[in-house]
Amino acid sequence: MDLMYTSTRKGKETVTASQAILKGLASDGGLFVPTSIPKLDVTIDELSKMDYKETAYEVMKLFLTDFTEEELKACIDKAYDSKFDTEVIAPLVKADGAYYLELFHGATIAFKDMALSILPHLLTTSAKKNNVKNDIVILTATSGDTGKAALAGFADVPNTKIIVFYPKGGVSPIQEKQMVTQKGDNTFVVGIKGNFDQAQSGVKAIFNNKELAKELDAKGFQFSSANSINIGRLVPQIVYYVYAYSKLYAEGEIAKDEKINVVVPTGNFGNILAAFYAKNMGMPIDKLICASNDNKVLYDFFETGSYDKNREFILTTSPSMDILISSNLERLIYRIAGSDEVKNQELMDALSKDGKYEITDSMKKELADFYGNYTTEAETAEVIRNLYKETGYIIDTHTAVAAGVHKKYVAATGDTNKSVIASTASPFKFTRSVMNAIDEKYDALSDFELVDELSKIGNVDVPNAIEEIRNANVLHNTVCEVADMEKVVVDFLTK
Ligand SMILES: *Cc1c(COP(=O)(O)O)cnc(C)c1O
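Residues numbered from 1 in each chain as written. Predicted model: local features only at pLDDT ≥ 70, side-chain atom pairs only at ≥ 80, totals over all residues. Heavy atoms only, no water.

**Examining the sheet that holds strand E7 (residues 160–167)**
Strand order in the open sheet formed by five strands is E9-E6-E7-E8-E16, with parallel pairing between adjacent strands. Two strands bound the open sheet, and with one partner strand each, they are strand E9 (221–225) and strand E16 (478–480). Across the sheet, the axes of successive neighbouring strands diverge by a mean angle of 30°, strand direction being ignored. As judged from the six bridges shared by E7 and strand E8 (residues 187–192), these two strands associate in the parallel manner. By the bridge assignment for E8, Tyr166 is matched with Gly191. Sitting on the sheet, helix H9 (residues 196–208) touches strand E6 (135–141), E7, E8 and E9, and the angle it makes with E6 is about 150°. Along the sheet face, helix H22 (residues 485–494) touches E6, E7, E8, E9 and E16 and points at about 150° away from the line of E7. (Pairing = 2+ DSSP bridges. Helix = DSSP H or I, 4+ residues; strand = E, 2+ residues; numbered from the N terminus. Axes fitted to C-alpha atoms, helices over the stretch in contact; angles between N-to-C directions. Contact = heavy atoms within 4.5 Å.)

Encoded structure:
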């Protein structure tokens, strides 16, 4: 029997994995969740002997049950190849008593590559399986990293187009340059005069516009999403938590069945939800530590049980976490409500109407595995500086937010579990913030002088992704008002 996926909302739409991947969002605006979380059917000893691709297969086959072995293995092979600059794919680096799981060795040097290098293959395979004749149009809002990773994944993939909206002025100069220099006739990059949440809401509105869908269907197009709400993003992210645990065990860093904590710098709640799924598959993960920056809506939620986005939106040096609506949290809310779509719908309606909701006491009890905290801007810089001074290891701003919360967690609880910190971006992606954190004198340097200096003081090669854009031409310069996003999409598809 296939594992089915059901909407978190009242429509209760139930589909196969490949259909869920194709659709992205359910028709009722909900997110697709598996009707149960499968248990791993291999032992940790077996896993400890597997490489990344083999581990990926063992995890993903349990979620994508309507893919044949051949189909799934083909997708995995195409994704985790020489686009990654290490065969290990996701190396663990021990520094200052924690294990940094480096998820930034792919094409765009951020962890989004882990899922977005495989999503195009999962999607085109899903389209074939479901006899889809239309071109798939990927519509994505990005706070910086998803956009480039999705563009890199989908560029020139036949029968697909990709449109990316990013907040103009809300992403790092390197992130922007990475996107606006993207090649491929099927790619389109648009800056919006607004913030990430507005970009995300705009994209959701386009998805939910049934008339537009009809109009575009007649022209041979249908939308899908590369955002982290797509289960084709979520499932590949479970893999690296399983992999990290089994590598720690293989290398003798942890004993058999020893519990570890994971610390995840969080924005849309996709990455940490994947860790939660890994735990529910049977991995010995104890605490799920959710790290926020100054946009600490999740910290407040874990503290009080009240989710409230009515607050100032703060631009920080970890822009990929500058988010006030963490879309994937809905999957957790649905689950802690006892898979109750009516209760979840009620809370999500409150969120869209009043910008806030409050969970019940019994739901709150279900959150015991989670710990939330946040790292301020000054603390983030201090974490980077201190880690560099003490160990020579340089981490990016997002990872530093997680490392800062990890320190607070240990100080508050005295927990001695070993911890894996998800290292979500290369420091080369946020060079100015990282170098300024180490020493303010670096602010005088240009962006690419900073790149070379970082390479020198950190003793790491400049990643390919950065070399590529040094002299690349800007190919995308469209900027639009939030209200015009739909029009821009239609123009691009029908020009
Ligand atoms: C996207 C991103 C995050 C946040 O991940 P979510 O899955 O949205 O919680 C953290 N760090 C970096 C570098 C990112 O690109």
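**Focus on the packing of aromatic side chains**
Under the criterion given, the structure shown has 19 aromatic pairs. Measuring from ring centre to ring centre gives 5.5 Å for Phe276 and Phe370, while their planes differ by 35°; the resulting arrangement is tilted. Separated by 94 residues along the polypeptide, Phe276 in helix H12 (residues 270–280) and Phe370 in strand E14 (residues 370–374) bring together distant segments of the chain. The pair formed by Phe276 and Phe370 is uniform in burial state, with each residue classed as buried. Among the aromatic residues, ring-to-ring pairing joins Phe63, Phe269, Phe276, Tyr277, Phe301, Phe302, Tyr307, Tyr357 and Phe370 into one connected group. If you follow Lys408 out to its NZ or CZ, it ends over the ring of Tyr374, 5.2 Å from the centre. (Phe/Tyr/Trp six-rings, centres within 6.5 Å; stacked < 30°, edge-to-face > 60°. Buried < 20%, exposed > 50% of the residue type's maximum accessible area, 1.4 Å probe, protein only. Lys NZ or Arg CZ within 6 Å of the ring centre and 35° of its normal.)

**Quick word on the site of the ligand**
Taken together, 15 residues sit near the ligand, with Lys112, Asp145, Gly267, Asn268 and Thr424 positioned nearest. Here an oxygen atom of the ligand and a backbone polar atom of Asn268 are 2.7 Å apart. Between Thr424 and the ligand, the recorded distance is 2.8 Å, taken from a side-chain N or O atom to a nitrogen atom. Look at the ligand: alone it shows 380 Å² of surface, and the protein chains cover 98% of it. Among the residues forming the shell around the ligand, the class breakdown is five nonpolar, eight polar and two charged. (Near = heavy atom within 4 Å. Polar contact = N/O pair within 3.5 Å; in protein donor to acceptor, adjacent residues only side chain to side chain. Areas by Shrake-Rupley, 256 points an atom, 1.4 Å probe, with all protein chains shown as cover. Nonpolar A, V, L, I, M, F, W, Y, C, P; charged D, E, K, R; others polar.)

**Some remarks on the environment of Thr142**
Relative to the elements of secondary structure, Thr142 occurs in the loop between E6 and helix H7 (145–154). Look at Thr142 and you get buried, because its relative accessible area is 0%. Each C-alpha atom of the pair Thr142 and Ile206 lies 15 Å from the other, and the pair is 64 residues apart in sequence. Not counting chain neighbours up to four residues away, the residues in contact with Thr142 comprise Gly147, Val164, Phe165, Tyr166, Pro167, Met179 and Phe196.

**A look at the packing of helix H11 (residues 231–250) against H12**
Close contact between H11 and H12 brings their axes to 8 Å; oriented N to C, the two are set at 60°. In the crossing of H11 with H12, the sense of the turn from one axis to the other is right-handed. On H12, the residues that touch Leu234, Gln237, Ile238, Tyr240, Tyr241 and Val242 of H11 are Gly270, Asn271, Leu273, Ala274, Ala275, Tyr277 and Ala278. Here the residues of the contact of H11 with H12 are counted per class, giving ten nonpolar, three polar and no charged. (Left-handed = near helix turned anticlockwise from the far one by under 90°.)

**A closer look at the sheet that holds strand E3 (residues 32–34)**
Within the open sheet, the three strands sit side by side as E2-E1-E3. Their pairing is antiparallel. Two strands lie at the open edges of the sheet, namely strand E2 (14–15) and E3, each paired on one side alone. Summarising the sheet, strand E1 (residues 5–7) and E3 pair through three bridges and their orientation is antiparallel. Note on E3: the bridge partner recorded for Thr6 is Val33.

**Things to note about the pattern of salt bridges**
Within this structure, the stated rule accounts for 28 salt bridges. Residue Lys61 is joined to Glu58 by a salt bridge in which the shortest nitrogen-to-oxygen separation is 3.0 Å. Residue Lys61 and its partner Glu58 are both found in helix H3 (residues 52–63); the two are separated by three residues, about one turn of the helix. Between Lys407 and Asp96 there is a salt bridge, with the nearest N and O atoms lying 2.9 Å from each other. On the criterion of sequence distance, the pair formed by Lys407 in helix H18 (residues 397–413) and Asp96 in the loop between strand E4 (92–95) and strand E5 (98–102) is long-range, its members being 311 residues apart. Via salt bridges that share partners, Asp41, Glu58 and Lys61 belong to a single interconnected network. (Salt bridge = Lys/Arg side-chain N within 4 Å of Asp/Glu carboxyl O.)

**Details of the pairing of E14**
Across the five residues that make up E14, a large majority, four, are buried. In the sheet, strand E11 (residues 285–292) pairs with E14 via five bridges, with the strands oriented parallel. When the sheet's bridge partners are listed, Ser292 is paired in E14 with Tyr374.

Worth remembering: the numbers are spatial, not functional.
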